[in-house]
Number of protein chains: 2
Amino acid sequence: MHEREFRAFVSIAETGRMDAAARQLGYSQPAITYQIKCLERSLGFKLFTRHPSGARLTGDGRMILPSVRAVLMLMDSIREPQGDRSGELPDEGAAGGTTLPLVRRRTA
Amino acid sequence: MHEREFRAFVSIAETGRMDAAARQLGYSQPAITYQIKCLERSLGFKLFTRHPSGARLTGDGRMILPSVRAVLMLMDSIREPQGDRSGELPDEGAAGGTTLPLVRRRTA
DNA sequence: CCCTTTTACGTTCCCCGTAACTATC
DNA sequence: GATAGTTACGGGGAACGTAAAAGGG
């Protein structure tokens, strides 16, 4: 359940290959194997079936793919909001609220 | 940008105290200080202002809180989908699709 | 002085790369 | 024997707890 594992998972799902994901993300192949193994262990089910031709998503893997993509997009959006600092709030107390002024993005 | 940092962040935001968050999450206070320090460093801005009375959200901290909560909820939903295995898909090739059968939940 | 957070330090465990192995074609 | 993935192993760094210190009422 770590971000880098999620990125590896999506990359493999898209390319169908672990070594391609490794190159894309700047890791060695064993590192990718390890990351996916950790992710599968923490989730309790297999994400890919391994073949000589590459790695293919299982039903479970395909099931969580959209949520994983959503997590990564949210994380990217959390990283962004630097640069524009004009009308920011000064300080505030403990927050119990639910809906709040979503992350500020450069483009919007 | 790790899950445990996010949980610490939300817990502090809700309680207004680092030591309360530490107790709630089962860590020592220094561990919480360390986690928030790491998170602030990786984000590039402060999340809390520290006072003798506790820790209070900065404007930036308040800004990302909803997205952080969303990430945690998504992660919980990714962990859940075990237990119901009746109509699951067998296997499939590389997935380039965008919208897919969201994570199956016990309640819905 | 009390309360909350931070710094210091040592230990443990995680994550990665290199190297060697296995499996399928 | 080529390609894709896995296992083995050692090193560097991350994350924690205990202990001690610092900052404000």
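These numbers were taken from a predicted model, which means no experiment stands behind them. (Residues numbered from 1 in each chain as written. Chains lettered and ligands numbered in written order. Predicted model: local features only at pLDDT ≥ 70, side-chain atom pairs only at ≥ 80, totals over all residues. Heavy atoms only, no water.)

Asks: Can you help me understand the UniProt feature "domain: HTH lysR-type" (unreviewed entry) in chain A in this one?
Replies: Under the UniProt annotation, "domain: HTH lysR-type" (unreviewed entry) lies at residues 1-58 of chain A. For residues 1-58 of chain A, the helix share is 62%, the strand share is 14%, and the end-to-end C-alpha distance is 18 Å. (UniProt positions renumbered as here; feature names shortened; annotations may be inferred. Helix = DSSP H or I, 4+ residues; strand = E, 2+ residues; numbered from the N terminus.)

Asks: It is not clear to me how the pairing of strand β2 (residues 54-57) of chain B should be interpreted in this structure. Could you clarify?
Replies: Working note: regular strand, side chains alternate between the two faces of the sheet. Looking at chain direction, strand β1 (residues 48-51) of chain B and β2(B) are connected through four bridges and run antiparallel. Residue B:His51 lies in a different strand from β2(B), and its bridge partner there is B:Gly54. (Pairing = 2+ DSSP bridges.)

Asks: Would you mind showing me how to read the protein's contact with DNA strand D here?
Replies: Around DNA strand D sit 20 residues, and of these A:Arg17, A:Thr33, A:Arg50, B:Ser28 and B:Gln35 come closest. Sugar and phosphate atoms form 81% of the subset of DNA strand D atoms that lie within 4 Å of the protein. Between DNA strand D and A:Pro52 there is a distance of 3.2 Å, counted from a sugar or linking oxygen to a backbone nitrogen or oxygen. A distance of 3.4 Å separates a phosphate oxygen of DNA strand D from a polar side-chain atom of B:Arg4. For the surface near DNA strand D, the secondary structure elements donating two or more residues are α2 (18-25), α3 (29-43) and β2 (54-57) of chain A together with α3 (29-43) of chain B. By residue number, the principal contributor to the surface near DNA strand D is α3(B), which donates four residues. (Near = heavy atom within 4 Å. Polar contact = N/O pair within 3.5 Å; in protein donor to acceptor, adjacent residues only side chain to side chain.)

Asks: Please clarify how α3(A) should be interpreted in this entry.
Replies: Along an α-helix, residues three or four apart share an orientation, since each turn contains 3.6 residues. Compared with an ideal rise of 1.5 Å per residue, which puts 15 residues at 21 Å, α3(A) spans 21 Å between its outermost C-alpha atoms and is within 8% of the ideal. Among the residues of α3(A), those classed as buried are A:Ile32, A:Gln35, A:Ile36, A:Cys38, A:Leu39, A:Glu40 and A:Leu43. Looking at the packing, one finds that the buried side of α3(A) touches α1 (3-15), α2, β1 (48-51) and α4 (59-79) of chain A together with α4 (59-79) of chain B. Two residues or fewer after α3(A) comes A:Gly44, characterised by a positive phi angle close to 95 degrees. (Expected span 1.5 Å × (residues − 1). Buried < 20%, exposed > 50% of the residue type's maximum accessible area, 1.4 Å probe, protein only. Contact = heavy atoms within 4.5 Å.)

Asks: Help me out: how do you make sense of the pattern of salt bridges in this one?
Replies: Pairs can form between side chains of opposite charge whenever their charged atoms are close. Residue and element names in this part refer to chain A. For the coordinates displayed, the defined rule picks out 18 salt bridges over all chains. The residue Asp76 makes a salt bridge to Arg7 at a minimum N-O spacing of 3.0 Å. Highlighted residues: Asp76 in helix α4 and Arg7 in helix α1, separated in sequence by 69 residues. Three or more residues are tied together by salt bridges with common partners; here these are Glu3, Arg7, Asp76 and Arg79. (Salt bridge = Lys/Arg side-chain N within 4 Å of Asp/Glu carboxyl O.)

Asks: Looking at this structure, I do not really get the packing of aromatic side chains. What am I missing?
Replies: The description of two aromatic rings rests on the distance between their centres and on the angle between their planes. Residue and element names in this part refer to chain A. Under the definition given, this model contains two aromatic pairs over all chains. With a centroid separation of 5.6 Å and an interplanar angle of 55 degrees, the aromatic rings of Phe9 and Phe48 are classed as tilted. Pair noted here: Phe9 is in helix α1 and Phe48 is in strand β1, with a separation of 39 residues, a long-range link. With respect to class, Phe9 is no different from Phe48; both count as buried. (Phe/Tyr/Trp six-rings, centres within 6.5 Å; stacked < 30°, edge-to-face > 60°.)

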